Amino acid sequence: MEKENITKEYTNGEITIVWKASKCIHSGNCVKGSPDVFQPKTKPWVKPNASPTEQIIKTIDTCPSGALSYYYNDGREG
Ligand code: SF4
């Protein structure tokens, strides 16, 4: 399956989760870390309101490929 060169953004109002499809190596760390938020079998596959922001950030930090990142909507540094 060819990887699509797309970037998707999902926000909970406080942070925006950024996902770069072409970088994802499907390690599943995100799904293991926050199964309520990262649900690859549903659309959209990221549910940014399903867990507290802190939990989401912790999980994003475990992404080995850099496919997942985030920024604060108010511009503050993480
Ligand atoms: S943790 Fe990162 S590389 Fe692994 S499946 Fe999730 S987005 Fe893809």
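Heads up: these notes are all about the structure in this document. (Residues numbered from 1 in each chain as written. Predicted model: local features only at pLDDT ≥ 70, side-chain atom pairs only at ≥ 80, totals over all residues. Heavy atoms only, no water.)

### Some remarks on the overall build of the protein
- Along the protein, the regular secondary structure elements total two helices and three strands.
- Computed over its C-alpha atoms, the radius of gyration of the protein comes to 12 Å, within 12% of the 12 Å expected for a compact globule of 78 residues.
- Dimensions of the protein along its principal axes, counting C-alpha atoms only, are 35 × 20 × 20 Å.
- When each of the 78 residues of the protein is scored for burial, the buried share is 32%.
- For the protein, the proportion of contacts with a sequence separation of at least 24, taken over those separated by at least 6, is 53%.
- Here the protein holds 10 positive side-chain charges and 9 negative ones, and the gap between their average locations is 8 Å. (Helix = DSSP H or I, 4+ residues; strand = E, 2+ residues; numbered from the N terminus. Rg over C-alpha atoms; globule rule 2.2 N^0.38 Å. Buried < 20%, exposed > 50% of the residue type's maximum accessible area, 1.4 Å probe, protein only. Contact = heavy atoms within 4.5 Å. Lys, Arg positive; Asp, Glu negative; His and termini not counted. Charge placed at Lys NZ, Arg CZ, Asp CG, Glu CD.)

### Quick word on the site of the ligand
- Taken together, 13 residues lie near the ligand, and Cys24, Ser27, Cys30, Cys63 and Ser65 sit nearest.
- Residues belonging to the shell around the ligand are distributed by class as follows: eight nonpolar, five polar and no charged. (Near = heavy atom within 4 Å. Nonpolar A, V, L, I, M, F, W, Y, C, P; charged D, E, K, R; others polar.)

### As for unusual backbone geometry
- Cis peptide bonds are those with omega within 30 degrees of zero, and the linkage from lysine 43 to proline 44 qualifies with -10 degrees.
- Notably, histidine 26 is not glycine yet its phi reads approximately 55 degrees, a positive angle.
- Relative to the helices and strands, histidine 26 is located in the loop between β2 (15–20) and α1 (29–33).

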